[in-house]
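# Observations on the three-dimensional arrangement
For reference, the chains in residue letters:
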Amino acid sequence: MDIFVQQLINGLTLGSIYGLIAIGYTMVFGIIGMVNFAHGDVFMVSTFIALICFLLLTTVIGITSIFLALAIVLVVAMFFTALTNWAIERVAYRPLRGSFRLAPMISAIGMSIFLANFVQVSQGPRNKPIPPMVTDVIVLMDNNGYQVTLAWKQIIIMVSTAVLLGAFWYLVQKTSLGRAQRACEQDRKMAALLGINVDQTISLTFVIGAALAAVAGVMYLMYYGVAHFADGFVPGVKAFTAAVLGGIGSLPGAVLGGLLIGLIEVFWSAYFSIEYKDVAAFSILAITLIFMPQGLLGRPEVEKV
Amino acid sequence: MSASDTLAPDPAAASQPAGSGAVPMLSVRGVKTFYGNIMALKGVDVDVYQGEIVTLIGSNGAGKSTLMMTIFGQPRAREGAVIYEGRDITKVPTHEIAQLRIAQSPEGRRIFPRMTVFENLQMGAAVDGFAHFDDDLRKVFDLFPRLKERINQRGGTLSGGEQQMLAIGRALMSRPRLLMLDEPSLGLAPLIVKLIFDAIRELNRSEGLTVFLVEQNAFHALKLAHRGYVLVNGAVTLSGSGHELLERPEVRAAYLEGGKH
(Lines give C-alpha, C1' and ligand atoms only; values in the text may rest on other atoms or scores of the structure.)
Protein backbone atom coordinates (compact mmCIF):
# COMPACT_ATOMS: atom_id res chain seq x y z
CA MET A 1 0.00 0.00 0.00
CA ASP A 2 2.67 2.49 0.97
CA ILE A 3 4.77 1.63 -2.06
CA PHE A 4 1.65 2.00 -4.20
CA VAL A 5 0.91 5.49 -2.86
CA GLN A 6 4.50 6.57 -3.32
CA GLN A 7 4.57 5.33 -6.90
CA LEU A 8 1.23 6.95 -7.59
CA ILE A 9 2.69 10.31 -6.55
CA ASN A 10 5.84 9.74 -8.63
CA GLY A 11 3.83 8.56 -11.61
CA LEU A 12 1.52 11.57 -11.61
CA THR A 13 4.54 13.87 -11.43
CA LEU A 14 6.23 12.25 -14.39
CA GLY A 15 2.90 12.02 -16.19
CA SER A 16 2.36 15.77 -15.83
CA ILE A 17 5.63 16.37 -17.66
CA TYR A 18 4.73 13.93 -20.43
CA GLY A 19 1.27 15.43 -20.74
CA LEU A 20 2.66 18.94 -21.23
CA ILE A 21 4.95 17.73 -24.01
CA ALA A 22 2.22 15.58 -25.57
CA ILE A 23 -0.01 18.63 -26.13
CA GLY A 24 2.60 20.00 -28.55
CA TYR A 25 2.51 16.80 -30.59
CA THR A 26 -1.23 16.57 -30.66
CA MET A 27 -1.87 20.23 -31.55
CA VAL A 28 0.58 20.24 -34.43
CA PHE A 29 -0.79 16.97 -35.71
CA GLY A 30 -4.31 18.32 -35.40
CA ILE A 31 -3.67 21.42 -37.46
CA ILE A 32 -1.24 20.31 -40.17
CA GLY A 33 -1.38 16.52 -39.93
CA MET A 34 2.32 16.24 -39.22
CA VAL A 35 4.13 14.30 -36.49
CA ASN A 36 6.61 16.87 -35.25
CA PHE A 37 9.62 14.66 -34.55
CA ALA A 38 11.64 17.68 -33.42
CA HIS A 39 9.26 18.44 -30.56
CA GLY A 40 11.18 16.28 -28.04
CA ASP A 41 14.33 18.18 -28.92
CA VAL A 42 12.55 21.49 -28.53
CA PHE A 43 11.74 20.26 -25.02
CA MET A 44 15.43 19.42 -24.51
CA VAL A 45 16.44 22.89 -25.73
CA SER A 46 14.07 24.37 -23.17
CA THR A 47 15.84 22.49 -20.34
CA PHE A 48 19.10 24.12 -21.44
CA ILE A 49 17.52 27.56 -21.70
CA ALA A 50 16.17 27.01 -18.18
CA LEU A 51 19.56 25.79 -16.95
CA ILE A 52 21.44 28.77 -18.35
CA CYS A 53 18.85 31.18 -17.06
CA PHE A 54 18.83 29.58 -13.61
CA LEU A 55 22.62 29.69 -13.31
CA LEU A 56 22.69 33.31 -14.46
CA LEU A 57 20.05 34.29 -11.93
CA THR A 58 21.64 32.52 -8.98
CA THR A 59 25.33 33.16 -9.62
CA VAL A 60 25.60 36.39 -11.62
CA ILE A 61 22.58 38.30 -10.41
CA GLY A 62 22.46 36.59 -7.04
CA ILE A 63 18.77 35.98 -6.53
CA THR A 64 18.34 33.98 -3.33
CA SER A 65 14.60 33.35 -3.37
CA ILE A 66 14.25 30.02 -5.11
CA PHE A 67 10.61 30.61 -5.99
CA LEU A 68 11.31 33.97 -7.57
CA ALA A 69 14.14 32.38 -9.54
CA LEU A 70 11.87 29.54 -10.66
CA ALA A 71 9.15 31.94 -11.77
CA ILE A 72 11.61 34.00 -13.81
CA VAL A 73 13.17 30.86 -15.29
CA LEU A 74 9.73 29.64 -16.28
CA VAL A 75 8.82 32.85 -18.11
CA VAL A 76 12.20 33.16 -19.81
CA ALA A 77 12.24 29.51 -20.89
CA MET A 78 8.69 29.72 -22.25
CA PHE A 79 9.53 32.84 -24.22
CA PHE A 80 12.76 31.65 -25.79
CA THR A 81 11.53 28.13 -26.48
CA ALA A 82 8.45 29.56 -28.17
CA LEU A 83 10.68 31.83 -30.22
CA THR A 84 12.85 28.86 -31.21
CA ASN A 85 9.90 26.79 -32.31
CA TRP A 86 8.41 29.73 -34.19
CA ALA A 87 11.67 30.10 -36.11
CA ILE A 88 11.85 26.35 -36.76
CA GLU A 89 8.36 26.38 -38.25
CA ARG A 90 9.23 29.32 -40.50
CA VAL A 91 12.49 27.81 -41.71
CA ALA A 92 11.86 24.08 -41.81
CA TYR A 93 8.12 23.44 -42.21
CA ARG A 94 6.33 26.38 -43.78
CA PRO A 95 8.29 26.28 -47.07
CA LEU A 96 7.21 22.65 -47.42
CA ARG A 97 3.51 23.28 -46.94
CA GLY A 98 1.64 22.12 -49.99
CA SER A 99 4.42 19.68 -50.73
CA PHE A 100 3.86 15.94 -50.32
CA ARG A 101 2.75 14.85 -46.89
CA LEU A 102 5.98 13.22 -45.80
CA ALA A 103 8.19 16.22 -46.65
CA PRO A 104 7.69 18.27 -43.45
CA MET A 105 8.03 15.12 -41.35
CA ILE A 106 11.41 14.34 -42.90
CA SER A 107 12.35 17.97 -42.33
CA ALA A 108 11.34 17.57 -38.69
CA ILE A 109 13.61 14.54 -38.29
CA GLY A 110 16.43 16.64 -39.72
CA MET A 111 15.59 19.44 -37.32
CA SER A 112 15.63 16.97 -34.43
CA ILE A 113 19.14 15.81 -35.34
CA PHE A 114 20.25 19.41 -35.83
CA LEU A 115 18.99 20.54 -32.42
CA ALA A 116 20.52 17.61 -30.53
CA ASN A 117 23.87 18.09 -32.24
CA PHE A 118 23.84 21.84 -31.88
CA VAL A 119 23.33 21.52 -28.13
CA GLN A 120 25.95 18.77 -27.92
CA VAL A 121 28.55 20.94 -29.66
CA SER A 122 27.70 24.20 -27.94
CA GLN A 123 26.99 22.87 -24.43
CA GLY A 124 29.16 19.76 -24.33
CA PRO A 125 28.23 16.09 -24.33
CA ARG A 126 28.13 15.60 -20.54
CA ASN A 127 25.27 15.91 -18.11
CA LYS A 128 24.94 19.52 -16.99
CA PRO A 129 23.92 19.56 -13.34
CA ILE A 130 22.33 22.34 -11.32
CA PRO A 131 22.48 22.53 -7.53
CA PRO A 132 19.47 20.76 -6.03
CA MET A 133 16.58 23.08 -5.42
CA VAL A 134 13.41 22.76 -3.39
CA THR A 135 14.56 19.69 -1.48
CA ASP A 136 11.91 19.76 1.26
CA VAL A 137 9.54 16.84 1.49
CA ILE A 138 6.32 16.16 3.34
CA VAL A 139 6.12 12.74 5.00
CA LEU A 140 2.66 11.38 4.37
CA MET A 141 3.03 7.91 5.93
CA ASP A 142 5.69 6.23 7.98
CA ASN A 143 5.43 2.47 7.97
CA ASN A 144 8.28 0.78 9.86
CA GLY A 145 10.88 3.01 8.32
CA TYR A 146 9.42 3.16 4.79
CA GLN A 147 8.36 6.73 4.36
CA VAL A 148 5.83 7.80 1.79
CA THR A 149 6.87 11.30 0.85
CA LEU A 150 5.45 14.07 -1.24
CA ALA A 151 8.25 16.37 -2.30
CA TRP A 152 7.59 20.08 -2.61
CA LYS A 153 8.93 19.99 -6.12
CA GLN A 154 6.34 17.35 -6.97
CA ILE A 155 3.65 19.65 -5.63
CA ILE A 156 5.07 22.51 -7.70
CA ILE A 157 5.07 20.33 -10.83
CA MET A 158 1.52 19.09 -10.41
CA VAL A 159 0.08 22.46 -9.39
CA SER A 160 1.77 24.45 -12.14
CA THR A 161 0.76 21.82 -14.69
CA ALA A 162 -2.84 22.03 -13.55
CA VAL A 163 -2.86 25.83 -13.56
CA LEU A 164 -1.23 26.11 -16.98
CA LEU A 165 -3.51 23.48 -18.47
CA GLY A 166 -6.46 25.46 -17.14
CA ALA A 167 -5.17 28.64 -18.77
CA PHE A 168 -4.43 26.74 -21.95
CA TRP A 169 -7.90 25.21 -22.00
CA TYR A 170 -9.42 28.66 -21.59
CA LEU A 171 -7.31 29.98 -24.46
CA VAL A 172 -8.38 27.23 -26.84
CA GLN A 173 -12.05 27.04 -25.87
CA LYS A 174 -13.04 30.59 -25.05
CA THR A 175 -10.92 33.09 -26.95
CA SER A 176 -11.10 34.06 -30.61
CA LEU A 177 -7.48 32.98 -31.04
CA GLY A 178 -8.37 29.51 -29.81
CA ARG A 179 -11.46 29.46 -31.99
CA ALA A 180 -9.38 30.34 -35.03
CA GLN A 181 -6.97 27.58 -34.05
CA ARG A 182 -9.78 25.02 -33.85
CA ALA A 183 -11.30 26.26 -37.10
CA CYS A 184 -8.01 25.76 -38.93
CA GLU A 185 -7.81 22.30 -37.43
CA GLN A 186 -11.23 21.37 -38.79
CA ASP A 187 -11.15 23.08 -42.20
CA ARG A 188 -8.21 25.27 -43.13
CA LYS A 189 -9.66 26.44 -46.44
CA MET A 190 -12.95 27.50 -44.86
CA ALA A 191 -11.10 29.32 -42.09
CA ALA A 192 -9.24 31.30 -44.76
CA LEU A 193 -12.55 32.11 -46.50
CA LEU A 194 -13.69 33.61 -43.19
CA GLY A 195 -10.69 35.90 -43.00
CA ILE A 196 -8.50 33.81 -40.69
CA ASN A 197 -4.78 34.08 -41.42
CA VAL A 198 -4.00 30.37 -41.54
CA ASP A 199 -0.20 30.69 -41.59
CA GLN A 200 -0.30 32.91 -38.54
CA THR A 201 -2.58 30.47 -36.75
CA ILE A 202 -0.22 27.59 -37.50
CA SER A 203 2.68 29.66 -36.14
CA LEU A 204 0.65 30.31 -33.02
CA THR A 205 0.12 26.57 -32.60
CA PHE A 206 3.86 25.97 -32.66
CA VAL A 207 4.39 28.81 -30.21
CA ILE A 208 1.84 27.45 -27.74
CA GLY A 209 3.14 23.89 -28.06
CA ALA A 210 6.69 25.08 -27.40
CA ALA A 211 5.66 27.20 -24.42
CA LEU A 212 4.01 24.17 -22.80
CA ALA A 213 7.05 22.01 -23.63
CA ALA A 214 9.19 24.68 -21.92
CA VAL A 215 7.09 24.38 -18.79
CA ALA A 216 7.77 20.65 -18.92
CA GLY A 217 11.47 21.41 -19.49
CA VAL A 218 11.72 23.62 -16.41
CA MET A 219 9.91 21.00 -14.33
CA TYR A 220 12.14 18.24 -15.67
CA LEU A 221 15.27 20.22 -14.82
CA MET A 222 14.02 20.94 -11.33
CA TYR A 223 13.00 17.32 -10.77
CA TYR A 224 16.09 15.55 -12.05
CA GLY A 225 18.65 18.34 -11.63
CA VAL A 226 20.44 17.66 -14.92
CA ALA A 227 20.17 18.62 -18.57
CA HIS A 228 21.64 16.49 -21.33
CA PHE A 229 21.68 16.97 -25.09
CA ALA A 230 20.18 13.53 -25.78
CA ASP A 231 17.36 13.96 -23.28
CA GLY A 232 14.96 15.11 -25.96
CA PHE A 233 14.59 11.74 -27.58
CA VAL A 234 13.21 9.34 -24.97
CA PRO A 235 10.88 11.81 -23.20
CA GLY A 236 9.84 13.02 -26.64
CA VAL A 237 8.91 9.57 -27.89
CA LYS A 238 7.12 8.83 -24.62
CA ALA A 239 5.13 12.01 -24.91
CA PHE A 240 4.31 11.07 -28.50
CA THR A 241 3.16 7.68 -27.19
CA ALA A 242 1.00 9.56 -24.69
CA ALA A 243 -0.54 11.61 -27.50
CA VAL A 244 -1.29 8.46 -29.51
CA LEU A 245 -2.67 6.63 -26.47
CA GLY A 246 -4.96 9.55 -25.64
CA GLY A 247 -6.03 9.89 -29.27
CA ILE A 248 -3.88 12.10 -31.47
CA GLY A 249 -5.54 15.42 -32.13
CA SER A 250 -7.38 15.37 -28.79
CA LEU A 251 -6.16 17.83 -26.16
CA PRO A 252 -7.72 16.15 -23.11
CA GLY A 253 -6.45 12.90 -24.60
CA ALA A 254 -2.88 14.18 -24.56
CA VAL A 255 -3.09 15.01 -20.87
CA LEU A 256 -4.78 11.72 -20.00
CA GLY A 257 -2.29 9.78 -22.12
CA GLY A 258 0.61 11.61 -20.44
CA LEU A 259 -0.61 10.75 -16.97
CA LEU A 260 -1.19 7.10 -17.97
CA ILE A 261 2.26 6.71 -19.53
CA GLY A 262 3.84 8.26 -16.42
CA LEU A 263 1.93 5.89 -14.16
CA ILE A 264 2.64 2.82 -16.31
CA GLU A 265 6.33 3.59 -16.41
CA VAL A 266 6.63 4.19 -12.68
CA PHE A 267 4.54 1.20 -11.61
CA TRP A 268 6.38 -1.07 -14.01
CA SER A 269 9.67 0.08 -12.50
CA ALA A 270 8.42 -0.51 -8.96
CA TYR A 271 6.75 -3.90 -9.37
CA PHE A 272 8.50 -5.53 -12.32
CA SER A 273 11.79 -4.43 -13.73
CA ILE A 274 13.27 -0.97 -13.89
CA GLU A 275 15.50 -1.96 -16.81
CA TYR A 276 12.46 -2.64 -18.94
CA LYS A 277 10.50 0.52 -18.11
CA ASP A 278 11.05 2.03 -21.55
CA VAL A 279 10.05 -1.24 -23.18
CA ALA A 280 6.81 -1.13 -21.20
CA ALA A 281 6.09 2.44 -22.25
CA PHE A 282 6.83 1.84 -25.92
CA SER A 283 4.88 -1.43 -26.00
CA ILE A 284 1.88 0.75 -25.22
CA LEU A 285 2.55 2.63 -28.45
CA ALA A 286 2.55 -0.58 -30.47
CA ILE A 287 -0.49 -2.02 -28.70
CA THR A 288 -2.45 1.20 -29.10
CA LEU A 289 -1.62 1.48 -32.78
CA ILE A 290 -2.64 -2.13 -33.43
CA PHE A 291 -5.80 -2.43 -31.38
CA MET A 292 -7.04 1.11 -30.84
CA PRO A 293 -5.51 3.43 -33.42
CA GLN A 294 -7.96 6.24 -32.59
CA GLY A 295 -6.77 6.25 -28.96
CA LEU A 296 -8.78 6.65 -25.78
CA LEU A 297 -10.40 10.01 -26.48
CA GLY A 298 -9.75 10.26 -30.20
CA ARG A 299 -12.63 10.79 -32.55
CA PRO A 300 -13.66 8.16 -35.05
CA GLU A 301 -12.60 8.83 -38.63
CA VAL A 302 -16.11 8.93 -40.07
CA GLU A 303 -17.86 12.23 -39.86
CA LYS A 304 -21.13 13.46 -41.25
CA VAL A 305 -20.59 16.04 -43.95
CA MET B 1 -16.01 35.83 -75.47
CA SER B 2 -16.05 35.06 -79.16
CA ALA B 3 -17.99 31.85 -78.67
CA SER B 4 -20.60 33.30 -76.43
CA ASP B 5 -24.04 34.11 -77.68
CA THR B 6 -25.11 37.32 -76.04
CA LEU B 7 -28.53 38.84 -76.20
CA ALA B 8 -27.39 42.45 -76.30
CA PRO B 9 -24.24 44.19 -77.50
CA ASP B 10 -23.17 44.74 -73.92
CA PRO B 11 -25.12 42.28 -71.83
CA ALA B 12 -24.09 43.66 -68.49
CA ALA B 13 -24.92 47.24 -69.30
CA ALA B 14 -28.14 46.34 -71.06
CA SER B 15 -29.79 44.68 -68.13
CA GLN B 16 -28.16 46.11 -65.07
CA PRO B 17 -30.59 47.67 -62.65
CA ALA B 18 -31.02 51.41 -62.75
CA GLY B 19 -28.85 53.55 -60.51
CA SER B 20 -26.26 50.88 -59.90
CA GLY B 21 -23.35 52.81 -61.41
CA ALA B 22 -21.28 51.98 -64.41
CA VAL B 23 -18.41 50.22 -62.65
CA PRO B 24 -19.10 46.64 -61.60
CA MET B 25 -18.60 45.73 -57.95
CA LEU B 26 -17.02 42.43 -58.94
CA SER B 27 -15.50 41.90 -62.32
CA VAL B 28 -14.02 38.62 -63.49
CA ARG B 29 -11.95 39.20 -66.63
CA GLY B 30 -10.69 36.37 -68.85
CA VAL B 31 -9.99 34.08 -65.92
CA LYS B 32 -8.32 30.76 -66.65
CA THR B 33 -7.96 28.28 -63.80
CA PHE B 34 -6.15 24.96 -63.95
CA TYR B 35 -6.19 21.79 -61.88
CA GLY B 36 -2.79 20.41 -62.76
CA ASN B 37 -2.79 20.53 -66.55
CA ILE B 38 -6.54 20.48 -66.91
CA MET B 39 -8.09 23.82 -67.72
CA ALA B 40 -11.24 24.14 -65.62
CA LEU B 41 -12.05 27.74 -66.54
CA LYS B 42 -11.29 28.77 -70.10
CA GLY B 43 -11.33 32.54 -69.93
CA VAL B 44 -14.46 33.48 -68.01
CA ASP B 45 -15.91 37.02 -67.93
CA VAL B 46 -18.54 37.82 -65.32
CA ASP B 47 -19.69 41.14 -63.86
CA VAL B 48 -21.70 41.74 -60.72
CA TYR B 49 -23.05 45.23 -60.06
CA GLN B 50 -23.90 46.73 -56.70
CA GLY B 51 -27.38 45.75 -55.51
CA GLU B 52 -27.89 42.94 -58.02
CA ILE B 53 -28.65 39.28 -57.68
CA VAL B 54 -26.61 37.55 -60.35
CA THR B 55 -26.80 33.84 -60.92
CA LEU B 56 -24.44 31.47 -62.63
CA ILE B 57 -26.10 28.30 -63.87
CA GLY B 58 -24.61 25.24 -65.47
CA SER B 59 -24.47 21.50 -65.14
CA ASN B 60 -22.22 19.37 -62.96
CA GLY B 61 -18.54 19.93 -63.68
CA ALA B 62 -19.08 23.11 -65.71
CA GLY B 63 -16.73 24.98 -63.38
CA LYS B 64 -19.23 26.96 -61.30
CA SER B 65 -17.69 26.17 -57.93
CA THR B 66 -14.22 26.57 -59.38
CA LEU B 67 -15.13 30.13 -60.36
CA MET B 68 -16.46 30.83 -56.86
CA MET B 69 -13.25 29.58 -55.29
CA THR B 70 -11.02 31.27 -57.87
CA ILE B 71 -12.50 34.62 -56.83
CA PHE B 72 -11.06 33.82 -53.37
CA GLY B 73 -7.75 32.64 -54.78
CA GLN B 74 -8.32 28.94 -53.97
CA PRO B 75 -7.06 27.92 -56.53
CA ARG B 76 -5.53 31.05 -58.05
CA ALA B 77 -6.36 32.12 -61.58
CA ARG B 78 -3.40 31.38 -63.84
CA GLU B 79 -4.50 34.02 -66.33
CA GLY B 80 -6.93 36.92 -66.26
CA ALA B 81 -7.94 39.15 -63.38
CA VAL B 82 -10.48 39.42 -60.58
CA ILE B 83 -11.35 43.03 -59.77
CA TYR B 84 -13.35 43.87 -56.65
CA GLU B 85 -14.42 47.45 -56.00
CA GLY B 86 -11.75 48.70 -58.36
CA ARG B 87 -8.94 46.69 -56.79
CA ASP B 88 -7.16 43.78 -58.47
CA ILE B 89 -7.48 40.91 -55.98
CA THR B 90 -6.18 38.15 -58.25
CA LYS B 91 -3.05 37.68 -56.14
CA VAL B 92 -4.31 38.84 -52.73
CA PRO B 93 -4.15 36.19 -49.95
CA THR B 94 -7.47 34.44 -49.34
CA HIS B 95 -7.98 35.74 -45.81
CA GLU B 96 -7.41 39.32 -46.96
CA ILE B 97 -10.03 38.90 -49.69
CA ALA B 98 -12.48 37.86 -46.97
CA GLN B 99 -11.57 41.01 -45.04
CA LEU B 100 -12.78 43.07 -48.02
CA ARG B 101 -16.26 41.87 -47.03
CA ILE B 102 -16.83 39.24 -49.64
CA ALA B 103 -18.47 36.30 -47.90
CA GLN B 104 -18.98 32.87 -49.31
CA SER B 105 -21.23 29.99 -48.41
CA PRO B 106 -19.15 27.43 -50.27
CA GLU B 107 -19.85 24.16 -52.04
CA GLY B 108 -20.50 21.43 -49.51
CA ARG B 109 -21.34 24.06 -46.87
CA ARG B 110 -18.10 23.46 -44.96
CA ILE B 111 -19.58 23.90 -41.50
CA PHE B 112 -17.00 23.40 -38.75
CA PRO B 113 -18.30 20.03 -37.56
CA ARG B 114 -16.89 20.04 -34.03
CA MET B 115 -17.94 23.57 -33.24
CA THR B 116 -21.35 24.55 -31.98
CA VAL B 117 -23.80 26.55 -34.09
CA PHE B 118 -22.94 29.57 -31.96
CA GLU B 119 -19.20 29.12 -32.47
CA ASN B 120 -19.68 28.70 -36.22
CA LEU B 121 -21.52 32.02 -36.27
CA GLN B 122 -18.77 33.59 -34.16
CA MET B 123 -16.28 32.43 -36.79
CA GLY B 124 -18.28 34.32 -39.38
CA ALA B 125 -18.16 37.49 -37.32
CA ALA B 126 -14.37 37.35 -36.97
CA VAL B 127 -13.68 39.77 -39.84
CA ASP B 128 -16.14 42.28 -38.43
CA GLY B 129 -14.36 42.28 -35.08
CA PHE B 130 -17.58 41.44 -33.18
CA ALA B 131 -18.63 45.10 -33.22
CA HIS B 132 -22.18 44.27 -34.33
CA PHE B 133 -22.29 40.71 -33.09
CA ASP B 134 -25.51 40.83 -31.05
CA ASP B 135 -27.48 42.73 -33.72
CA ASP B 136 -26.30 40.47 -36.51
CA LEU B 137 -27.00 37.36 -34.46
CA ARG B 138 -30.57 38.51 -33.93
CA LYS B 139 -30.99 39.11 -37.65
CA VAL B 140 -29.69 35.67 -38.54
CA PHE B 141 -31.99 34.08 -35.99
CA ASP B 142 -34.95 36.06 -37.36
CA LEU B 143 -34.09 34.74 -40.80
CA PHE B 144 -33.53 31.15 -39.66
CA PRO B 145 -35.28 30.53 -36.32
CA ARG B 146 -34.23 26.88 -36.52
CA LEU B 147 -30.63 27.89 -35.84
CA LYS B 148 -31.65 29.48 -32.57
CA GLU B 149 -33.11 26.18 -31.40
CA ARG B 150 -29.87 24.42 -32.28
CA ILE B 151 -27.53 27.06 -30.87
CA ASN B 152 -25.48 24.74 -28.65
CA GLN B 153 -25.52 21.77 -30.99
CA ARG B 154 -22.40 20.79 -32.88
CA GLY B 155 -22.33 21.71 -36.56
CA GLY B 156 -21.64 18.13 -37.63
CA THR B 157 -24.88 16.90 -36.05
CA LEU B 158 -27.18 19.26 -37.98
CA SER B 159 -29.32 18.11 -40.88
CA GLY B 160 -28.38 19.17 -44.41
CA GLY B 161 -30.92 21.99 -44.49
CA GLU B 162 -29.85 23.29 -41.11
CA GLN B 163 -26.22 23.20 -42.19
CA GLN B 164 -27.16 25.22 -45.27
CA MET B 165 -28.90 27.80 -43.10
CA LEU B 166 -25.86 27.89 -40.85
CA ALA B 167 -23.49 28.34 -43.79
CA ILE B 168 -25.55 31.30 -45.05
CA GLY B 169 -25.93 32.68 -41.53
CA ARG B 170 -22.21 32.41 -40.96
CA ALA B 171 -21.56 34.29 -44.21
CA LEU B 172 -24.03 37.02 -43.17
CA MET B 173 -22.34 37.45 -39.77
CA SER B 174 -19.37 39.03 -41.52
CA ARG B 175 -21.57 41.92 -42.78
CA PRO B 176 -20.70 41.22 -46.41
CA ARG B 177 -21.06 43.73 -49.21
CA LEU B 178 -21.02 40.84 -51.65
CA LEU B 179 -22.58 37.52 -50.68
CA MET B 180 -21.57 34.49 -52.73
CA LEU B 181 -23.70 31.38 -52.43
CA ASP B 182 -22.69 28.08 -53.95
CA GLU B 183 -25.70 25.83 -54.57
CA PRO B 184 -27.75 26.74 -51.51
CA SER B 185 -30.54 24.43 -52.73
CA LEU B 186 -28.41 21.29 -53.17
CA GLY B 187 -30.03 18.23 -51.66
CA LEU B 188 -32.68 20.15 -49.79
CA ALA B 189 -36.42 19.64 -49.53
CA PRO B 190 -38.46 22.02 -51.76
CA LEU B 191 -39.92 23.77 -48.73
CA ILE B 192 -36.48 24.61 -47.38
CA VAL B 193 -35.28 25.69 -50.83
CA LYS B 194 -38.18 28.13 -50.95
CA LEU B 195 -37.34 29.38 -47.46
CA ILE B 196 -33.73 30.00 -48.40
CA PHE B 197 -34.55 31.68 -51.73
CA ASP B 198 -37.12 33.91 -50.00
CA ALA B 199 -34.44 34.87 -47.49
CA ILE B 200 -32.03 35.82 -50.27
CA ARG B 201 -34.68 37.92 -52.03
CA GLU B 202 -35.57 39.65 -48.79
CA LEU B 203 -31.93 40.48 -47.98
CA ASN B 204 -31.46 41.92 -51.44
CA ARG B 205 -34.65 43.93 -51.33
CA SER B 206 -34.50 45.33 -47.80
CA GLU B 207 -30.75 45.81 -47.37
CA GLY B 208 -29.57 46.10 -50.96
CA LEU B 209 -27.23 43.18 -50.46
CA THR B 210 -25.41 42.16 -53.63
CA VAL B 211 -25.67 38.43 -54.25
CA PHE B 212 -23.73 36.16 -56.58
CA LEU B 213 -25.50 32.83 -56.72
CA VAL B 214 -24.35 29.57 -58.25
CA GLU B 215 -27.14 27.12 -58.93
CA GLN B 216 -28.02 23.89 -60.65
CA ASN B 217 -31.64 24.59 -59.86
CA ALA B 218 -31.87 26.91 -62.87
CA PHE B 219 -35.60 27.61 -62.73
CA HIS B 220 -35.62 29.01 -59.19
CA ALA B 221 -32.31 30.79 -59.63
CA LEU B 222 -33.29 32.56 -62.85
CA LYS B 223 -36.63 33.61 -61.39
CA LEU B 224 -34.84 35.10 -58.41
CA ALA B 225 -31.94 36.76 -60.21
CA HIS B 226 -31.78 40.07 -62.04
CA ARG B 227 -29.22 38.67 -64.43
CA GLY B 228 -27.75 35.30 -65.22
CA TYR B 229 -24.83 33.60 -66.91
CA VAL B 230 -24.73 30.10 -68.34
CA LEU B 231 -21.46 28.27 -67.89
CA VAL B 232 -20.68 25.28 -70.09
CA ASN B 233 -17.38 23.41 -69.88
CA GLY B 234 -15.55 26.28 -68.27
CA ALA B 235 -16.78 29.03 -70.58
CA VAL B 236 -19.71 31.45 -70.47
CA THR B 237 -21.98 30.66 -73.43
CA LEU B 238 -24.99 32.83 -72.66
CA SER B 239 -25.83 35.81 -70.53
CA GLY B 240 -28.81 38.07 -70.04
CA SER B 241 -31.56 38.98 -67.64
CA GLY B 242 -33.13 36.19 -65.63
CA HIS B 243 -36.40 36.38 -67.57
CA GLU B 244 -34.66 36.43 -70.93
CA LEU B 245 -32.64 33.35 -70.07
CA LEU B 246 -35.75 31.56 -68.83
CA GLU B 247 -37.32 32.05 -72.27
CA ARG B 248 -34.30 30.83 -74.26
CA PRO B 249 -34.98 27.47 -75.90
CA GLU B 250 -31.45 26.17 -75.34
CA VAL B 251 -31.64 27.04 -71.63
CA ARG B 252 -35.04 25.40 -71.38
CA ALA B 253 -33.82 22.31 -73.15
CA ALA B 254 -30.61 21.93 -71.21
CA TYR B 255 -31.52 23.03 -67.71
CA LEU B 256 -35.25 23.30 -67.27
CA GLU B 257 -37.19 20.56 -69.05
CA GLY B 258 -37.94 17.92 -66.49
CA GLY B 259 -36.06 19.89 -63.92
CA LYS B 260 -38.85 22.24 -62.91
CA HIS B 261 -39.26 21.17 -59.31
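Treat the numbers as computed from the prediction; the structure is a model and nothing was measured.

For chain A, the helix and strand inventory stands at 11 helices and 4 strands. By the compact-globule yardstick of 19 Å for 305 residues, chain A fits well, its C-alpha radius of gyration being 19 Å. Taken over the C-alpha atoms alone, chain A extends approximately 65 × 50 × 35 Å along its principal axes. Considering chain A as a whole, with its 305 residues, one finds that 46% of them fall into the buried category. Partitioning the intrachain contacts of chain A with sequence separation of at least 6 by distance along the chain shows that 74% fall at a separation of at least 24.

Let us now look at the interface of chain B and chain A. Reports often express the size of an interface as the amount of accessible area lost when the parts come together. Between chain B and chain A, the residue contacts involve 21 residues of the former and 19 residues of the latter. For the side of chain B that touches chain A, the elements supplying multiple residues, two or more each, are α3 (94–99) and α4 (117–124) of chain B. Grouping the amino acids of the side of chain B that touches chain A by side-chain chemistry returns 9 nonpolar, 9 polar and 3 charged.

What follows concerns the UniProt feature "transmembrane region" (unreviewed entry) in chain A. Here the UniProt feature "transmembrane region" (unreviewed entry) sits at residues 12–35, 42–61, 67–88, 100–119, 151–172, 202–223, 243–267 and 279–297 of chain A. Between the first and last C-alpha atoms of residues 202–223 of chain A the distance is 32 Å; the span itself is 100% helix and 0% strand.

A few words now on the nonpolar core. Residues and elements named next belong to chain A. Within the largest apolar cluster, 161 residues are counted, with the highest numbers of intra-cluster contacts made by Val215, Ala216 and Val218. Broken down by element, the residue count for this core peaks at 17 residues, all from helix α8 (residues 198–224). If sequence neighbours within four positions are ignored, Val218 has contacts with Ala50, Val73, Leu74 and Ala77.

All names here are of chain B. Spatial ordering of the open sheet is given by β3-β2-β5-β6, a layout of 4 strands whose pairing is antiparallel. Edge strands, defined here as strands with exactly one partner in the open sheet, are β3 (38–48) and β6 (87–88). Looking at chain direction, strand β2 (residues 26–35) and strand β5 (residues 79–84) are connected through 5 bridges and run antiparallel. In the sheet register, Val28 faces β5, and the bridge partner there is Val82. Running over the sheet, helix α2 (residues 64–71) touches β2, β3 and β5 and is turned about 70° from β3.

Rules behind the numbers
Residues numbered from 1 in each chain as written. Chains lettered and ligands numbered in written order. Predicted model: local features only at pLDDT ≥ 70, side-chain atom pairs only at ≥ 80, totals over all residues. Helix = DSSP H or I, 4+ residues; strand = E, 2+ residues; numbered from the N terminus. Rg over C-alpha atoms; globule rule 2.2 N^0.38 Å. Buried ≥ 20, exposed ≤ 12 C-beta atoms within 10 Å, placed from the backbone. Contact = placed C-beta atoms within 7 Å. Nonpolar A, V, L, I, M, F, W, Y, C, P; charged D, E, K, R; others polar. UniProt positions renumbered as here; feature names shortened; annotations may be inferred. Core = buried A, V, L, I, M, F, W, Y, C linked by C-beta atoms within 7 Å. Pairing = 2+ DSSP bridges. Axes fitted to C-alpha atoms, helices over the stretch in contact; angles between N-to-C directions.

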